[in-house]
Amino acid sequence: MPATEMDDFRRSYVRLCKESGAEPQESILQHLEEASGKSRLDLATHTLSVETCGVLGKLLQDELQFTEITLSNCMLSEEGAKLLLHGLCSNTVVKSLDLKGNNLRSVGAEALGKLLRQNKTIQSLTLEWNNLGVWEESFAIFCEGLGANGHIQYLDLRNNQINHQGAGELSMALKANSSLRELDLRWNNIGLLGGRALLNCLHSNRALRQLELAGNNVPSDILKAVDQAMEHNQERQNILCKSRSMTQVLSKEVISLKEKNSRQYLDMMDTIDKQREVMNHSSRVSATRIGQLQEALTERHSVLNSLQAKLQMTEAALALSEQKVCNLGELLSTAKQEQARLVESQAKELQQQKMASANREATLQRELSAAHEKNLLLKNQVSDLERRCKAQQEQLFQVKEDLTHTTAEMRLRAVQAEERLDMEKKRFKQVLEDAESLRLKEVDHLSHHMEASERSLQERIQRLEAIRIGLEEELSRVKAAALVERGQIEEEIIKAKNQARLEEQQRQEHLEEKLRLMMQSRDEAQNYCLQQKQAVAEAQSREGHLSLQVEGLKRRVEELQQELSSKEQEKVTEINKVRVGLQEQIGHLEAERTAQEGLREKIAALERQLKVLSSNHREALLDKEGEVSSLLEKLRVREAEISRMREEEAQRVSFLQNAIMSYVQGSPRSTQSPKK
């Protein structure tokens, strides 16, 4: 605690004392000056008046520095203790409170019960050398507060004159309390009945680890039974800690698996996004190429229109030439001979060109048939891939059904085991079943998540297949357009040839020019066909790339499914190991329970013997009432010796019990360690 905060606390103490009309105690001020820089308020052996108790109670309501408060041997009055404890009810920092040797009675017990009911931070409470057990009603209120508290871990009630009725109230409180770890009841008047009540409450309280009952006239067999119950609680807490650690380890593994699956899913999404970008880029490129082809077609149409205009011009020129033919009849005879020679040479050239065009057409048809066959092969491959996907989905469904069957069988076995075990085993198995239900929920969640990811992947594969189908349709459309254009070009070529044959005689002078023009148009058509072939080859290569990408995605899905199956098998093996360990622990608990039943039978026999002995003692007491008066003084002297002997015997018994338990615990662990 810093010095400035301690100064503020001291100033507020002085101010509240002045407001209440009381003088601040110098001893307290000196102690506050000396205790600067500490988180502990130690006012032990300081006499505190009612006014100072009221001021301290007001200060401690909102004080956030002191975690330990020591008020032992302060001679607190009932009203002062009530004011102090009322202020601590709303405190949220104090964890340890020491009220030793303050002679607290009925009002103090009621105030302590209210403190335990309202305060949620105090973990250690020392009430040694008080008189809380004298008034039964007030002590019952204290016990009700203890039963309602869920945060206290250590309680010291030594030398508080607690009788067997107070022990009964404490047993009821311990049945309701689940946070108390250590309880010290030494040097009270609990007796046989109180010891039995406390022993009975330990069957339902599994949190208490240490219970001290020395100096309470409690029989040794009850003390042994209490010690055994404490050891049983400690072992149970250790088992619970181990099970919690195992659940934490399994939860961490499940979280790591989730993270790995999420990373793999994100990687798949990234690859699919990249493939989408590639497909979009390819579609854009194909669109631009189609636009270029359309532009080329428009240019060809414009070239054909120009040719038609030229033909019209040539027809007009022919009309003029017909007029001149009559004048050039003489020159025709010589020109005919020359023309005959030229016609023969041109006919040979035309035949050669026809043969070359026929060979080219045959090669084009062969390439088209090969392309059709490749398309059929690709379709067959796609159908095979779809069949494989369906088979993998069926395998996944079978694995899920096996998982459901195994979980159902394990639940049936758990129900049969629960029917055989008692109340303690039922509660213990309920905890295990809760942990298993959480694991099953996490496994179901993982399976649902993987199913959703598989569905999304299947939808994306379907989309890619739809894109592929669209590309194939576009290819078919381009091929049909190419075939139509080829047919049109062939019709135009046929028409031109017919016109050339008809006009050979009349247009001998312009044949060379027309043939050149036709050769150019034919070359352009061949170039156009080659471009279309290149476009078809590019589309086929794209289809091959898409099919390879689809196969890679399906292989990745198969790998993910194999990883999931291996991880599920590892989880099943780990769960089986945990169950085997728990069954071994349950066997140990059953052996301990049988030992406890034997001890209970021995206790019943001893109680019967005690009843017989008590009856005998009563008869002897009736005979020896006259001797009691003379032996009282000797008994007083010997009681001190007997108390010393009892303490020594109790110490010896505790040492023997610890030695025997350490020996017993060491021997079965050494024998059972290789089995585990």
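Residues numbered from 1 in each chain as written. Predicted model: local features only at pLDDT ≥ 70, side-chain atom pairs only at ≥ 80, totals over all residues. Heavy atoms only, no water.

Engineer: Pulling in residues and values, what's your account of the overall build of the protein chain?
Structural biologist: A tally of regular secondary structure across the protein chain gives 13 helices and 7 strands. Relative to the 2.2 N^0.38 estimate, which gives 26 Å for 676 residues, the radius of gyration of the protein chain is 52 Å and therefore markedly larger than a compact globule would have. With the C-alpha coordinates aligned to their principal axes, the bounding extent of the protein chain is approximately 185 × 70 × 35 Å. Relative to its full complement of 676 residues, the protein chain shows a buried share of 31%. Relative to all contacts within the protein chain whose residues are 6 or more apart in sequence, the contacts with residues 24 or more apart total 86%. Entry remark: accessible area of the protein chain is about 42,900 Å², with carbon and sulfur atoms responsible for 53%. Taking the average location of the 96 positive side-chain charges in the protein chain and that of its 105 negative ones, the two points are 3 Å from each other. (Helix = DSSP H or I, 4+ residues; strand = E, 2+ residues; numbered from the N terminus. Rg over C-alpha atoms; globule rule 2.2 N^0.38 Å. Buried < 20%, exposed > 50% of the residue type's maximum accessible area, 1.4 Å probe, protein only. Contact = heavy atoms within 4.5 Å. Areas by Shrake-Rupley, 256 points an atom, 1.4 Å probe, with all protein chains shown as cover. Lys, Arg positive; Asp, Glu negative; His and termini not counted. Charge placed at Lys NZ, Arg CZ, Asp CG, Glu CD.)

Engineer: Requested: an account of unusual backbone geometry, with residues and values cited.
Structural biologist: Positive phi, close to 65°, is recorded for T45, a residue that is not glycine. Checked against the element boundaries, T45 lands in the loop between β1 (40-42) and α3 (50-61). Owing to a relative accessible area of 59%, T45 belongs among the exposed residues under this scheme. Phi at Q161 takes a positive value of approximately 55°, unusual for a residue other than glycine.

Engineer: Break down the packing of α3 against helix α4 (residues 78-88) for me, citing the residues and quoting the values.
Structural biologist: Interhelical geometry of α3 versus α4 gives an angle of 5° and a closest axis separation of 7 Å. On the basis of their axis angle, the class for α3 and α4 is roughly parallel. On the side of α3, the interface is formed by V50, C53, G54, L56, G57, L60 and Q61, while α4 contributes E79, G80, L83, L84, H86, G87 and L88. (Axes fitted to C-alpha atoms, helices over the stretch in contact; angles between N-to-C directions. Parallel < 35°, antiparallel > 145°, perpendicular 65-115°, else oblique.)

Engineer: Which residues make up the confidence of the model for the protein chain, and what values do they have?
Structural biologist: The share of residues in the protein chain with pLDDT of 70 or more is 94%, and the mean pLDDT across the chain is 81. The low-confidence segment residues 668-676, where pLDDT is below 50, has 3 contacts with residues more than four positions distant or belonging to other chains. (pLDDT = per-residue confidence, 0-100.)

Engineer: So what about a nonpolar patch on the surface? Which residues, and what values?
Structural biologist: Taken together, the side chains of L656, I660, Y663 and V664 make up a nonpolar region of the molecular surface, amounting to roughly 440 Å² of accessible area. By the secondary structure assignment, I660 is in helix α13 (residues 625-672). (Patch = residues over 30% accessible without salt bridge, like charges linked within 9 Å, V, L, I, M, F, W, Y side chains within 5 Å. Salt bridge = Lys/Arg side-chain N within 4 Å of Asp/Glu carboxyl O.)

Engineer: How would you sum up the pattern of salt bridges? Please name residues and give values.
Structural biologist: Here the idea is simple: oppositely charged side chains can pair when their charged atoms come close. The full count for this structure, using the stated rule, is 11 salt bridges. Ionic pairing is found between R15 and E19, a salt bridge with its closest N-O pair at 3.2 Å. Within this pair, R15 and its partner E19 are both found in helix α1 (residues 3-20), separated by 4 residues, close to a single helical turn. Look at R15 and you get partly exposed, because its relative accessible area is 43%. Since its relative accessible area comes to 56%, E19 is described here as exposed. Across the pair R40 and E68 runs a salt bridge whose closest N-O atoms are separated by 3.8 Å. Of the two residues, R40 sits in strand β1 while E68 sits in strand β2 (residues 68-70), which places them 28 residues apart along the sequence. With a relative accessible area of 35%, E68 lands in the partly exposed category. Salt bridges sharing common partners tie together K100, E128, D156, R158, D184 and R186.

Engineer: Explain the side chain of N205 residue by residue, including any values.
Structural biologist: Take N205: it is sitting in the loop between α8 (191-201) and β7 (210-212). N205 has contacts with L174, N177 and N233, leaving out every residue within four places of it along the chain.

Engineer: Tell me about the sheet that holds strand β6 (residues 182-184), and please be specific about residues and values.
Structural biologist: Spatially, the 7 strands line up as an open sheet ordered β1-β2-β3-β4-β5-β6-β7, and their pairing is parallel. Since the sheet does not close on itself, it has two edges, and those belong to β1 and β7, each with one partner. Shown here is a sheet whose adjacent strand axes are inclined to one another by a mean of 0°, direction ignored. In the sheet, strand β3 (residues 96-98) pairs with strand β4 (residues 124-126) via 3 bridges, with the strands oriented parallel. Looking at β4, one finds that L97 is bridged to L125. (Pairing = 2+ DSSP bridges.)

Engineer: Explain the packing of helix α7 (residues 164-176) against α8 residue by residue, including any values.
Structural biologist: Taken N-terminus to C-terminus, the directions of α7 and α8 make an angle of 5°; their axes are 8 Å apart at the nearest point. Of the possible angle classes, the one that applies to α7 and α8 is roughly parallel. Where α7 abuts α8, its residues H164, A167, G168, L170, S171, L174 and K175 lie against L193, G194, A197, L198 and C201. Per-class residue counts for the contact of α7 with α8 are 7 nonpolar, 4 polar and 1 charged. (Nonpolar A, V, L, I, M, F, W, Y, C, P; charged D, E, K, R; others polar.)

Engineer: Provide a residue-level description of the side chain of H232, including the pertinent values.
Structural biologist: When you line up the elements, H232 lands in helix α9 (residues 220-325). According to the relative accessible area criterion, H232 is buried, its value standing at 9%. Setting aside residues no more than four positions away along its own chain, H232 makes contact with R206, E424, L589, E592 and Q596.

Engineer: So what's going on with helix α2 (residues 26-34)? Which residues, and what values?
Structural biologist: I28, L29, H31 and L32 are the residues of α2 that are buried. All buried residues of α2 fall inside an arc of 160° around its axis, so they share one side. Away from the buried face of α2 by more than 90 degrees, exposed residues E26 and E34 are located. (Arc of directions from axis to C-beta.)

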